[in-house]
Every structure is written in structure tokens, then in C-alpha cells.
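These are the residues of each chain, in order.
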Amino acid sequence: MDEKFNEATGNRPQGDRTLDAPLVTIDLQKLISQIKEEKQWKKSDRNAITVFKSMIMRMVLIALHKDSEIVKHTAKGMINIQVLEGEIELITDNQTVNLSSGQVLILHEGIDHSVHALKETVFLLTITNALS
């Protein structure tokens, strides 16, 4: 297995991290602090960082300011949303679900959905690649 790394950039000076290896550890609290200190968080309604990426799965830590919205879209794979801080509203064509800190939602592939931050929120998004 080839190990994958991400290097630091001007926008993300603390960006050096392993994206894929036989064993990867992720310090979510450190990354939450990092993305909340970055320029993108201070000038935008959100910030995100990919914390793991392989051919099978991708994990993205996402921070949203209160009332931020991720517009309606469809994931090509199954998703798992684990709310670490705050509260979001996930909206599909058939259902609306509120999730707060400590709660997890799983959504099958191909379902249109949007996300609205009811409070300043941080969540971990895990996306698996579609089997077909």
C-alpha cells in the first residue's frame, strides 16, 4: 500500500498530515482547533479538511457557522455524519432530521439532501464509494 500525505500550504500552514497508510490516527480535537484558526473559517461561512482518503472511503471534518447551509446535493456513496459540536438539520425530499453533538446519521447513496447549521457546528463526514 502506498502511503498518501498532504503537505502544508499558504492557506493551511499546519496541513502536513497522513491521508492514507496501513494505520492512520486522527486527532479530531487538534484539527477542530486548526480549522477554526484558519483564514477560511474567519472569512467564510465554513471550513473543512480531508482527514482520510482512500479508494474505498473518505473522511472530511466540516465546521459550519450558525445558519450556514450546504445546498442540496447527492453523494455517490453512502454517508455517515457524526456531529461533534453544535446542531444541524439534514433535509431530504422525504424527511428532515435534527442532529446534535454525539448523534450519528447514515444516509444511503443517491439521496438528495441539504444541511443547515442551527448552531455553530462541527461534524465528521464519512463517505464510502458506491459499490456499483
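Residues numbered from 1 in each chain as written. Predicted model: local features only at pLDDT ≥ 70, side-chain atom pairs only at ≥ 80, totals over all residues. Heavy atoms only, no water.

**Quick notes on the overall build of the protein chain**
1) Next: A count of helical and extended segments in the protein chain gives 2 helices and 11 strands.
2) Next: Helices (α) and strands (β) of the protein chain occur, in sequence order from the N terminus, as β-β-α-α-β-β-β-β-β-β-β-β-β.
3) Next: The 132 residues of the protein chain split such that 37% are buried.
4) Next: In the protein chain, 59% of the contacts between residues at least 6 apart in sequence involve partners at least 24 apart.
5) Next: Summed over its atoms, the accessible surface of the protein chain is roughly 8,000 Å², and 50% of this surface lies on carbon and sulfur atoms. (Helix = DSSP H or I, 4+ residues; strand = E, 2+ residues; numbered from the N terminus. Buried < 20%, exposed > 50% of the residue type's maximum accessible area, 1.4 Å probe, protein only. Contact = heavy atoms within 4.5 Å. Areas by Shrake-Rupley, 256 points an atom, 1.4 Å probe, with all protein chains shown as cover.)

**Things to note about the side chain of T92**
1) Next: Positionally, T92 belongs in strand β7 (residues 87–92).
2) Next: The buried category is assigned to T92, whose relative accessible area is 17%.
3) Next: Among the polar contacts made by the side chain of T92, one reaches the main-chain amide nitrogen of N94 at a distance of 3.2 Å.
4) Next: When near neighbours in sequence (up to four residues on either side) are disregarded, T92 contacts L107, I111, D112 and H113. (Polar contact = N/O pair within 3.5 Å; in protein donor to acceptor, adjacent residues only side chain to side chain.)

**A word on the sheet that holds strand β8 (residues 96–100)**
Each strand in a sheet pairs with another by means of backbone hydrogen bonds, the pair being arranged parallel or else antiparallel.
1) Next: The sheet built from 4 strands is open, its strands ordered β5-β10-β7-β8 with antiparallel pairing. The strands lining the two open edges of the sheet, one partner per strand, are β5 (69–74) and β8. For this sheet, the mean inter-axis angle between neighbouring strands, taken without regard to orientation, is 20°. (Pairing = 2+ DSSP bridges. Axes fitted to C-alpha atoms, helices over the stretch in contact; angles between N-to-C directions.)

**A closer look at the environment of V83**
1) Next: Positionally, V83 belongs in strand β6 (residues 79–85).
2) Next: In this structure, V83 is in contact with I88, L99, S100, S101, G102, Q103, T121, V122 and F123, ignoring residues within four places of it in sequence.

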